[in-house]
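Working through the structure, step by step
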Amino acid sequence: MSLATRTGYIAIVGRPNVGKSTLLNHLLGTKLSITSRRPQTTQHQILGVLNDRPAQMIFIDTPGLKREFREGSQALGSYIKKQSIGVLAEVDVAILVVDVKGWTQMDSYVLEQIKQQEIPVICVLNKIDQLEKKELILTRIKEISELHTFDAFIPTSAIQKDGLGALKAELKKLLPEGKHIYEEDDLTDRSSRFLVGEIVREQLFRQLGEELPYQSAVVIDKYDEQDASISIHATIFVEKESQKGIVVGRRGQRLKSIGTEARQGITELVGRKVNLYLRVRTKQNWTSDHNSIVALGYQ
C-alpha cells in the first residue's frame, strides 16, 4: 500500500540573522537564497521546492522580521514586513527559526505574528554547533515551550546540516494530503533574472559589510542568452553619491571584485559562460518612496 501524497507551503520565519536562508539552502541541497553574516540580507520571499516522496515541501524563505526599521526607509521597511508577515496567512505550516543561544524580544515579536494564524508551528533551535554546553538545548526548549504550544522542537545546525532529517520528518507529518503542485525537477518560481540580481546583491553585502547601508538595490537591465554564453548588464542603485564611491572603490577595484565574485556564482547557476557588466547609479531616497521601490523590483 503506497503512502498518501502530501503537499504544502511552509513559511520559514524569524528575526534577522538566525540562519533562515542557510536552512533553506541546505534543505534543498542547493544554493537558492543569498546569505551573508550581515542581518537583513534577505529582502524578498524566496520559494524553494523539495520533493521528498511522498511529500512535496514548498518552502518560503522570508526576510528577517523586526518591529522597527531604520528611519528614512519606511517604504522598504513596509515591503519587508509584508513579505514576512503576509505569508503566514497563506501557508500550511510555519517554521520559527531561533538562535539557540538566546531568546530575544524580536523573537517574541515574530511569535506574536505567528499566533495570529491557526497553523502548526515547528520551532527550530539553530546554531547548536556554537554551544559549548549542549545541555543548554533542553533549557532553551523548556523556556520557549512556556510561550506557545509548538508541534515540535528541532535542534539544528543548518550550516553543518545537522538535524535537517528530523525536521523533514516532522514536516511530513504536518503537511495536508494532496497532489503535488510543482513538477519533479522544479526548484523555484523565481526567474533567472531575479536570481542573478540577488547574486550581485549578495556580493554587495559580503564585500562591503557595514560600509554600505541597506539602501542598495540591483536591477537587471539586459539578459541576453546565446548558445554558449549569457551577457548580463546590471545597475546597482544607492541613495547617495558617497555610497556610489564606496561601491566603485579606488580606481574601480571594488566594483571589479564584486563583478568577479558575482560572475562565478551566476556561472554556477546558469551552467554557461557569463559576461557581466555592472554600473552604479544614485537614486536619492528610493527606500522611502513607494513608487521607487516598485520600480526597482520590490513588488
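Everything here concerns the structure above.
So, a few notes on the structure that sits alongside this text. (Residues numbered from 1 in each chain as written. Predicted model: local features only at pLDDT ≥ 70, side-chain atom pairs only at ≥ 80, totals over all residues. Heavy atoms only, no water.)

Our focus in this paragraph is unusual backbone geometry. The amide bond that connects arginine 53 to the next residue, proline 54, takes the cis arrangement and shows omega of 5°. Relative to the helices and strands, proline 54 resides in the loop between strand 2 (46-52) and strand 3 (55-61). Here arginine 251, not a glycine, exhibits a phi torsion of approximately 55°, which is positive. If you trace the backbone, arginine 251 turns up in the loop between helix 7 (241-248) and helix 8 (253-270). The class for arginine 251 is exposed, based on a relative accessible area of 75%. Here the phi dihedral of asparagine 285 falls at roughly 55°; this positive angle occurs in a residue that is not glycine. (Helix = DSSP H or I, 4+ residues; strand = E, 2+ residues; numbered from the N terminus. Buried < 20%, exposed > 50% of the residue type's maximum accessible area, 1.4 Å probe, protein only.)

At a minimum axis separation of 5 Å, helix 7 and helix 8 run at an interaxial angle of 60°. Note on element contacts: helix 8 touches helix 7 through Gln253, Arg254, Leu255 and Ile258, opposite Ile246, Val247 and Val248. (Axes fitted to C-alpha atoms, helices over the stretch in contact; angles between N-to-C directions. Contact = heavy atoms within 4.5 Å.)

All right, on to helix 5 (residues 164-174) then. Residues Leu164, Leu167 and Leu171 constitute the buried set of helix 5. On an axial view of helix 5, the arc spanned by its buried residues comes to 55°, and they lie on one face. More than 90 degrees from the buried face of helix 5, the exposed residues found are Gly165 and Lys173. In this structure, the buried side of helix 5 is in contact with strand 1 (6-13), helix 1 (20-28), strand 3, strand 4 (93-99), strand 5 (121-126) and strand 6 (152-155). (Arc of directions from axis to C-beta.)

Attention now goes to the environment of isoleucine 58. Of note, isoleucine 58 is situated in strand 3. Residue class for isoleucine 58 comes out buried when judged on its relative accessible area of 0%. If we ignore the near neighbours within four places in the chain, the residues touching isoleucine 58 are Thr7, Gly8, Tyr9, Ile10, Leu47, Gly48, Ile181 and Tyr182.

On to the packing of aromatic side chains, then. Throughout the structure, instances matching the rule amount to one aromatic pair. Over the ring of phenylalanine 194 we find arginine 190, and its NZ or CZ is 3.9 Å from the ring centre. (Phe/Tyr/Trp six-rings, centres within 6.5 Å; stacked < 30°, edge-to-face > 60°. Lys NZ or Arg CZ within 6 Å of the ring centre and 35° of its normal.)

Across the interface, helix 1 lies against helix 5 with an axial gap of 11 Å and an inter-helix angle of 85°. Here helix 5 runs roughly perpendicular to helix 1, going by the angle between their axes. Residues Leu23, His26 and Leu27 of helix 1 form the contact with helix 5, whose participating residues are Leu164, Leu167 and Lys168. Partitioned by chemical class, the residues of the contact of helix 1 with helix 5 number four nonpolar, one polar and one charged. (Parallel < 35°, antiparallel > 145°, perpendicular 65-115°, else oblique. Nonpolar A, V, L, I, M, F, W, Y, C, P; charged D, E, K, R; others polar.)

Right, let's get into helix 4 (residues 136-145). Considered for burial, the residues of helix 4 that qualify are Ile137, Arg140, Ile141 and Ile144. Buried residues of helix 4, seen end-on, are gathered within an arc of 100° and therefore sit on one face of the element. Across helix 4 from its buried face, at more than 90 degrees, point the exposed residues Leu138 and Lys142. Elements in contact with the buried residues of helix 4: strand 4, strand 5 and strand 6.

The subject of this paragraph is the nonpolar core. Most often, soluble globular proteins have nonpolar side chains that are buried together. With 27 residues, the main nonpolar core has Ile10, Leu23, Met57, Phe59, Ile95, Leu167 and Leu171 as its most contacted residues. The biggest single contributor to this core is helix 1, with four residues. Not counting chain neighbours up to four residues away, the residues in contact with leucine 171 comprise Ile10, Met57, Phe59, Val93, Ile95 and Ile122. Core analysis: the next-biggest nonpolar cluster, separate from the first, contains 25 residues, Ala11, Leu65, Tyr109 and Ile144 among them. (Core = buried A, V, L, I, M, F, W, Y, C linked by side-chain atoms within 4.5 Å.)

Relative to the elements of secondary structure, threonine 7 occurs in strand 1. With a relative accessible area of 7%, threonine 7 lands in the buried category. There is a polar contact of 3.2 Å between the side chain of threonine 7 and the backbone oxygen of glycine 178. The contact partners of threonine 7, leaving out residues within four places of it in the chain, are Gln56, Ile58, Leu175, Pro176, Gly178, Lys179, His180 and Ile181. (Polar contact = N/O pair within 3.5 Å; in protein donor to acceptor, adjacent residues only side chain to side chain.)

Read from one edge to the other, the open sheet built from six strands follows the order 2-3-1-4-5-6, with strand pairing classed as mixed. Each edge of the open sheet carries a strand with a single partner, namely strand 2 and strand 6. Between one strand and the next, the sheet's axes are offset by a mean angle of 25°, whatever the strand orientation. In terms of strand pairing, strand 1 meets strand 4 through four bridges, oriented parallel. Across the sheet, isoleucine 12 pairs through a bridge with isoleucine 95, a residue of strand 4. In the packing of helix 1 onto the sheet, the strands contacted are strand 1, strand 2, strand 3 and strand 4, and the crossing angle to strand 3 comes to about 155°. Contacts from helix 3 (residues 105-115) reach strand 1, strand 4 and strand 5, with the element oriented near 175° to strand 4. (Pairing = 2+ DSSP bridges.)

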